[in-house]
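# Understanding the architecture of this molecule
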Amino acid sequence: MSYDVIVIGGGPAGLAAAVAAWDDGCRSICIVERDRELGGILNQCIHNGFGLHHFKEELTGPEYAERFVDLLKQTGVDVKIDAMVLTITPEKEVHIVSKAGGYEILQAKSVVLAMGCRERTRGAIAIPGARCAGIYTAGAAQRYLNIEGYMVGKRVVILGSGDIGLIMARRMTLEGAKVLACVEVLPYSGGLTRNIVQCLNDFDIPLYLSHTITDIQGKGRVERVVVSAVDEKRNPIPGTEMEFDCDTVLLSVGLIPENELSRSAGIEIDPRTQGPVVDEDFMTSIPGVFACGNVVHVHDLVDFVTAESQRAGKAAAAYCRSGSPTSETVLSMKNGDGVGYTVPQHIRLDDVEGSVPVFFRVRAISHDKKIVVRDDEGQIIASFPREHLAPGEMENIKLPRVLLERAHGGLTVSVE
């Protein structure tokens, strides 16, 4: 079976990309989703705070997903749910397997990768101690509680201060559990400021910065954890140990873009983001294969995922009509002092209409700084003042074409 556009993933990124491609005139689109329903991670995020940028109102995760599912129902997009993508070839063949269709090979003119991300586990960070029950990633605990209806514990310690962990601190408290502490190895939180205030401060849950779990104890189930302060190199400091009697540990220690399919297809991966290298339209190193959402880089707001994915979906539809765009001038994007990465990684100047949004994260908390964009000759192309910068909050700037045309060579984004 052949399609113009095949979207892999039916979460917020995939839904937005498919609807945008349809709205741009493409009439042969298929979404392949491995879960039993569309919506992705939003279905288990029953808290509010979604949609403030895109819909200009506050929604829960399921409500936000429902808006796009309803839009999708107004189109003729084919949807294959409970279907697993096994591989993607550079020729844009998508191999899938499902109970309904068995083993199928779908041919596409363009592919949109929207597989999202996954959580780091205990094994990824090598926490010492007993291998006992009661240790969950924050996202797994969220699914158990909000979808399956299981209470995962009564006395909880949370390692890591990512947004899911912060939200689960509040959620567990509201369900009657006692959250003893949130422990963060870095000297700053990895979550949004609003989540620190609403999920920890409002419930008097202590946040221990520059601390980590150094031992987990228990026979059969977690009984206690040992928390220690760490030095600048994140090594535990002897004599700073604290013990917490608990039955549950939740891990909120980072997210990893889900790019096994991308790597198997031979797509170039950026070691900084662990996602595909993309241009201003989110096309990867394989012409006609696009990527968007958390598979490219981890976002903090779904509204930004939507805007990014709409751009990718529209570009995928345009590729089906016109093929790969050509550009004589390609500007590489690099991260300078204080910046961890930039997306996109390169900009094809001839194909820019208006301006290009650039997303990035800073490396440390700072105040009253400027985001400065320089070309390879050191010339300042643009400067953006910022009162507050934090690693937990993704930054974005817009670079107008008229400024990009002044650049010599590549561009470097720095905090100065």
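Above: the structure in question.
Residues numbered from 1 in each chain as written. Predicted model: local features only at pLDDT ≥ 70, side-chain atom pairs only at ≥ 80, totals over all residues. Heavy atoms only, no water.

## Remarks on the overall build of the chain
Of regular secondary structure, the chain possesses nine helices and 29 strands. Computed over the C-alpha atoms, the radius of gyration of the chain is 22 Å, within 12% of the 22 Å expected from 2.2 N^0.38 for a compact globule of 416 residues. With respect to the three principal axes, the spread of C-alpha positions in the chain is 65 × 60 × 40 Å. Split into buried and exposed, the 416 residues of the chain put 54% on the buried side. Of the roughly 18,100 Å² of accessible surface on the chain, 49% is carried by carbon and sulfur atoms. Across the chain, the mean location of the 42 positive side-chain charges is 2 Å away from that of the 55 negative side-chain charges. (Helix = DSSP H or I, 4+ residues; strand = E, 2+ residues; numbered from the N terminus. Rg over C-alpha atoms; globule rule 2.2 N^0.38 Å. Buried < 20%, exposed > 50% of the residue type's maximum accessible area, 1.4 Å probe, protein only. Areas by Shrake-Rupley, 256 points an atom, 1.4 Å probe, with all protein chains shown as cover. Lys, Arg positive; Asp, Glu negative; His and termini not counted. Charge placed at Lys NZ, Arg CZ, Asp CG, Glu CD.)

## As for the pattern of salt bridges
One pass over the structure, following the stated rule, counts 19 salt bridges. For the salt bridge of Glu 148 with Arg 143, the shortest nitrogen-to-oxygen distance reads 3.7 Å. Assessed through its relative accessible area of 38%, Glu 148 is described here as partly exposed. Note on Arg 143: relative accessible area 29%, which makes it partly exposed. A salt bridge links Glu 175 to Arg 171, with the nearest nitrogen and oxygen atoms 2.8 Å apart. Relative accessible area serves as the criterion here: at 40%, Glu 175 is assigned to the partly exposed category. Overall, Arg 171 belongs to the buried group, its relative accessible area being 18%. (Salt bridge = Lys/Arg side-chain N within 4 Å of Asp/Glu carboxyl O.)

## Observations regarding the packing of aromatic side chains
In the structure shown here, the tally under the stated rule is eight aromatic pairs. Ring pairs connect the aromatic residues Phe 55, Tyr 64 and Phe 68, which therefore count as one cluster. A cation over a ring is seen here: Arg 27 above Trp 22, with NZ or CZ 4.0 Å from the ring centre. Note that Arg 67 overlies the ring of Phe 55, its terminal NZ or CZ placed 5.1 Å from the centroid. (Phe/Tyr/Trp six-rings, centres within 6.5 Å; stacked < 30°, edge-to-face > 60°. Lys NZ or Arg CZ within 6 Å of the ring centre and 35° of its normal.)

## Overview of the packing of helix α1 (residues 12–23) against helix α8 (residues 302–322)
Where α1 meets α8, the axes come as close as 7 Å, and the angle between the chain directions of the two elements is 40°. By the angle class used here, α1 and α8 are oblique. For the crossing formed where α1 meets α8, the hand is right-handed. Side by side, α1 and α8 meet where Pro 12, Ala 13, Ala 16, Ala 17, Ala 20 and Ala 21 of the first sit next to Val 302, Val 305, Thr 306, Ser 309, Gln 310, Gly 313, Lys 314 and Ala 317 of the second. Its residues assigned to classes, the contact of α1 with α8 comprises nine nonpolar, four polar and one charged. (Axes fitted to C-alpha atoms, helices over the stretch in contact; angles between N-to-C directions. Parallel < 35°, antiparallel > 145°, perpendicular 65-115°, else oblique. Left-handed = near helix turned anticlockwise from the far one by under 90°. Contact = heavy atoms within 4.5 Å. Nonpolar A, V, L, I, M, F, W, Y, C, P; charged D, E, K, R; others polar.)

## A word on a nonpolar patch on the surface
Residues Met 84, Leu 86, Val 97, Tyr 103 and Ile 105 make up a contiguous nonpolar surface patch of roughly 440 Å² in combined accessible area. Elements with a minimum of two residues in the nonpolar patch: β6 (83–88) and β8 (102–113). Of note, Val 97 is situated in strand β7 (residues 93–98). (Patch = residues over 30% accessible without salt bridge, like charges linked within 9 Å, V, L, I, M, F, W, Y side chains within 5 Å.)

## What to know about the pairing of strand β29 (residues 411–415)
Regular strands show a simple pattern: their side chains alternate between the two faces of the sheet. Within β29, four of the five residues are buried, which leaves the element mostly enclosed by the surrounding structure. As judged from the three bridges shared by strand β22 (residues 330–335) and β29, these two strands associate in the parallel manner. Within β29, the position partnered with Lys 334 by the bridge is Thr 412. (Pairing = 2+ DSSP bridges.)

## Focus on the sheet that holds strand β27 (residues 380–389)
Taken in spatial order, the five strands of this open sheet run β24-β22-β29-β26-β27, and their pairing is mixed. Bordering the open sheet on either side are β24 (346–348) and β27, each of which pairs with just one other strand. Across the sheet, the axes of successive neighbouring strands diverge by a mean angle of 20°, strand direction being ignored. In this sheet, β29 lies alongside strand β26 (residues 366–375) in antiparallel orientation, the contact comprising five bridges. Residue pairing for β29: Asp 375 is matched across the bridge by Leu 411.

## A closer look at the environment of Val 69
For Val 69, the position within the fold is in helix α2 (residues 61–73). Under the relative-accessibility criterion, Val 69 is labelled buried at 17%. In this structure, Val 69 is in contact with Leu 15 and Leu 38, ignoring residues within four places of it in sequence.

## Comments concerning the nonpolar core
Counting 69 residues, the largest nonpolar core has Ile 8, Ile 29, Val 94 and Leu 113 as its most contacted members. With sequence-adjacent residues up to four places away left out, Ile 29 is seen in contact with Tyr 3, Val 5, Val 7, Ala 18, Ala 21, Trp 22, Val 77 and Asp 78. Val 352, Val 358, Leu 389 and Leu 411 belong to the second-largest nonpolar core, a separate cluster that totals 24 residues. (Core = buried A, V, L, I, M, F, W, Y, C linked by side-chain atoms within 4.5 Å.)

## Focus: the pairing of strand β23 (residues 339–343)
Burial of β23 is extensive: five of the five residues sit out of reach of the surface. Looking at chain direction, β23 and strand β25 (residues 355–362) are connected through four bridges and run antiparallel. Residue pairing across strands places Val 339 opposite Val 362, the latter belonging to β25.

## Section: the environment of Ile 167
Relative to the assigned elements, Ile 167 resides in helix α5 (residues 163–174). When its relative accessible area of 11% is taken as the criterion, Ile 167 is described as buried. Counting along the chain gives 201 residues from Ile 167 to Asp 368, while the straight-line C-alpha distance between them is 29 Å. Sequence-distant contacts of Ile 167, that is, excluding residues within four places in its chain, are made with His 47, Gln 142, Asn 195 and Cys 199.

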